[in-house]
Structures are given as structure tokens and as C-alpha cells.
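# Observations on chain architecture
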Amino acid sequence: MAHTSTTRPAPDRPAPGRPPRSARSGGSKVPAVDGWFWLVKVLTTGMGETLSDFLAKTFDPVLAVAAAGLLLAVALLVQLRTRRCVPGLYWAVVVLVSVFGTMVADVAHVALGVPYALSAGSLAVALAVLFLLWHRVEGSLAIDRVTGLRRELFYWSAVLVTFALGTALGDLTAATLHLGYLVAGLGFALLIAIPAVAARSGWVGPVAGFWWAYVLTRPLGASFADWLGVGADRGGIGLGTGPVSLALAVLMAVSLALAARAHRRAAAGLSAH
């Protein structure tokens, strides 16, 4: 393909005093990364965890995994074919990735007997290799540049691995290390604050901070959701995985509606100036 411009892409780090491009530009297929983004992300991780458990116990596990994989493939195909960011579609794909990624990690542990420590380590290596390949091919891991089929495929591959990795880390912490879901959730809440503090201090860039937080939101949301959903025999309070999944789905829908309204107001304010 012939290039019509010789202008080099902007660096990943935003200029001083300016918000990241992901919060300004509508070109990327990933929604603006702000407080609403992270709130919805945590809700999707929690819902994916409890919904996966609910489906696996309500239906035949093999059929549940196959159905989740098929729905994910269809939703991802629709996402790849769209030419702009559609937040509702994007988050639907994330929920399905959460459900399917949870099932993959659980199947590896329960059906194949793979220890959580081994699966977590293997997935961490796989994610590192994927990031290296992505950066080598595209020159950046910045999510404000997720445009075009190849970059989207890299992005969604990374998202799927982060969900499986986060699931393994959460179960490793809560079950294998016997810390329990509540303690694990509180621990991940502390760990997820590290990139925010490091970014403010200039120790890490926004891209590294984003992916650190993206991985840890998975065990963070899943740990608290499990604590709410599972019974006392597993260290939870026993509200049920079905009701917790439904409650999280409602909260996610409300959060998306509020985020859309906040973004419209912000856009109206900018156009007024």
C-alpha cells in the first residue's frame, strides 16, 4: 500500500498537559480509557467469572465451553467488521472473552490437572511473547492506535490471554495459596494501584501502566465476584453465581449508559468552545 504522508506517528507518551490520545481521538476501536472504562472492565471481569461458573454447573461443561467459544467468535467477527468504536459491542466481546477465558483456565486446571502456578507462568510467557511480536510488527502497543484488522487481531489476542492469565492468578492466590477470595481481592486492589502511582512518578509509561492494570482487573473483579457468589465452603458468602451475574450485568448496563451520557456532555462542552 502506498503511503500518502511521511509524517511519523506520535509517540506513545502524551505531551505534557494534554490527555492521552485514547481519551481524545475517536479513531481507535477501543473506547476512551477513563474512569468509566475501568469501572466497566472490573464489572465485566466479575460477571465473566460468576457467569462461567453458573453456566458450567447448569449445563454440560463441554457444551457450555463450545457455546461460549462460538458466541465469542461471532461477536468478535462483528467487532472486526465494524469501522468505528461501538462501546456496547466492544464490551459485549469483552464479556464473552471473560467467560471463555475463565472456562479455558478452569478446564486446564480441572480437566487436565494443570496447576494454577504452571498455567499462570505459561500464560505470562505467552503474553510477553505476544507483546514482543506485536511491538515488532506494529511498533507500538498503544491502544489509541488499534485500527485496522492486524492491530485488532493483536489487541484481542492479548485481551484473551490477559483474561486467562488473570483467572489463573486469581485462583492461584485464593485457592492454591489459601488466602480466600476476599483477601485476594483486597491484595489485587493494592497491586492495581502500582501503575497509577508509578505513572504519576514517571517510572512507567502509559502503555505499560494500561496493560498492567488490564491484567490485574481480571483477578480483582473475579475475586470479589466469587466472594459474593460462592458458598461458605469455598470462602464466599453464598449469594449465588446466577444472581451475582445478573446484578453485575445490570450495573454494567447502567455504567455504560452513564458513561455515554458523560462523554456526550464532554463532547458538547468541547464543541461549545
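Keep in mind that this is a model prediction, so the values were computed, not measured. (Residues numbered from 1 in each chain as written. Predicted model: local features only at pLDDT ≥ 70, side-chain atom pairs only at ≥ 80, totals over all residues. Heavy atoms only, no water.)

A separate point is the overall build of the protein. The helix and strand inventory of the protein stands at ten helices and zero strands. Ordered by position from the N terminus, the helices and strands of the protein form the series α-α-α-α-α-α-α-α-α-α. Here the protein, with 273 residues, has 40% of them falling under the buried criterion. Surface accessibility of the protein: about 14500 Å² in total, with carbon and sulfur atoms responsible for 70%. (Helix = DSSP H or I, 4+ residues; strand = E, 2+ residues; numbered from the N terminus. Buried < 20%, exposed > 50% of the residue type's maximum accessible area, 1.4 Å probe, protein only. Areas by Shrake-Rupley, 256 points an atom, 1.4 Å probe, with all protein chains shown as cover.)

What follows deals with the pattern of salt bridges. Pairs may arise between side chains of opposite charge once their charged atoms sit close together. Scanning all chains against the criterion turns up four salt bridges. Among the salt bridges present, the one from R218 reaches E49, with a minimum N-O distance of 3.0 Å. With R218 in helix α9 (residues 206-229) and E49 in helix α2 (residues 35-58), this residue pair connects regions lying 169 residues apart in the sequence. Connected through shared salt-bridge partners, E138, R150 and R151 make up one network. (Salt bridge = Lys/Arg side-chain N within 4 Å of Asp/Glu carboxyl O.)

Along the polypeptide, T173 turns up in helix α6 (residues 149-176). Once you skip the residues sitting within four places of it in the chain, T173 turns out to touch H178, L179, A184 and F188. (Contact = heavy atoms within 4.5 Å.)

Turning our attention to the nonpolar core. Grouped together as the largest cluster of nonpolar side chains are 47 residues, with contacts concentrated most on Y90, W134, Y155, W156, W211 and Y214. Looking at this core, the elements with two or more residues in it are α2, α3 (61-81), α4 (87-110), α5 (116-138), α6, α9 and α10 (241-272). Among all residues touching Y90, those that are not within four sequence positions of it are K29, V30, P31, F37, Q79, Y155, W156 and Y214. (Core = buried A, V, L, I, M, F, W, Y, C linked by side-chain atoms within 4.5 Å.)

Right, let's get into the packing of aromatic side chains. Counted under the stated rule, the structure contains 19 aromatic pairs. A centroid spacing of 6.0 Å and a plane angle of 45° characterise the contact between F37 and F210, whose relative ring orientation is tilted. Placement of F37 in helix α2 and of F210 in helix α9 is noted, with a sequence separation of 173 residues between them. In terms of burial, F37 and F210 fall into one category: buried. Here the aromatic rings of Y90 and W91 are separated by 4.9 Å at their centres, their planes lie at 85°, and the arrangement is edge-to-face. (Phe/Tyr/Trp six-rings, centres within 6.5 Å; stacked < 30°, edge-to-face > 60°.)

The terminal C-alpha atoms of α6 lie 39 Å apart, and with 28 residues this matches the ideal 40 Å at 1.5 Å per residue to within 8%. H178 lies just past α6 and shows a positive phi near 60°. (Expected span 1.5 Å × (residues − 1).)

In the contact formed by α2 and α4, the axes pass within 8 Å of each other and the chain directions differ by 45°. Accordingly, the angle class assigned to the pair α2 and α4 is oblique. At the point where α2 passes α4, the crossing takes the right-handed sense. Only Y90, W91, V94, V95, S98, V99, T102, M103 and D106 of α4 make contact with α2, whose side of the interface consists of F37, V40, K41, T44, T45, M47, G48, E49, L51, S52, D53 and L55. Counted by class, the contact of α2 with α4 contains eleven nonpolar, six polar and four charged residues. (Axes fitted to C-alpha atoms, helices over the stretch in contact; angles between N-to-C directions. Parallel < 35°, antiparallel > 145°, perpendicular 65-115°, else oblique. Left-handed = near helix turned anticlockwise from the far one by under 90°. Nonpolar A, V, L, I, M, F, W, Y, C, P; charged D, E, K, R; others polar.)

Per-residue confidence for the protein averages 85 on the pLDDT scale, and 90% of its residues sit at or above 70. For the stretch residues 1-26, pLDDT sits under 50, and the model shows 24 contacts to residues farther than four places along the chain or on other chains. (pLDDT = per-residue confidence, 0-100.)

So, on to a nonpolar patch on the surface. A surface patch of nonpolar side chains, about 340 Å² in accessible area, is lined by L246, V250, V254 and L258. Mapping L258 onto the fold places it in helix α10. (Patch = residues over 30% accessible without salt bridge, like charges linked within 9 Å, V, L, I, M, F, W, Y side chains within 5 Å.)

The next point concerns empty space enclosed by the protein. In the structure shown here, the tally under the stated rule is one cavity of 30 Å³ or more. In this structure, the largest cavity encloses a volume near 50 Å³. Lining the largest cavity, in full, are E49, T167, G170, D171, A174, Y181, A222, S223 and D226. Counting only elements with at least two residues in the lining of the largest cavity, the list comes to α6 and α9. If you tally residues by element for the lining of the largest cavity, the top one is α6, at four residues. Here the lining of the largest cavity is built from residues that sort into three nonpolar, three polar and three charged. (1 Å grid on protein atoms, 1.4 Å probe; cavity = no way out; pocket = protein on both sides within 12 Å on 5 of 7 lines; lining within 4 Å. Points joined across faces, edges and corners; volume = space filled by probe spheres on them.)

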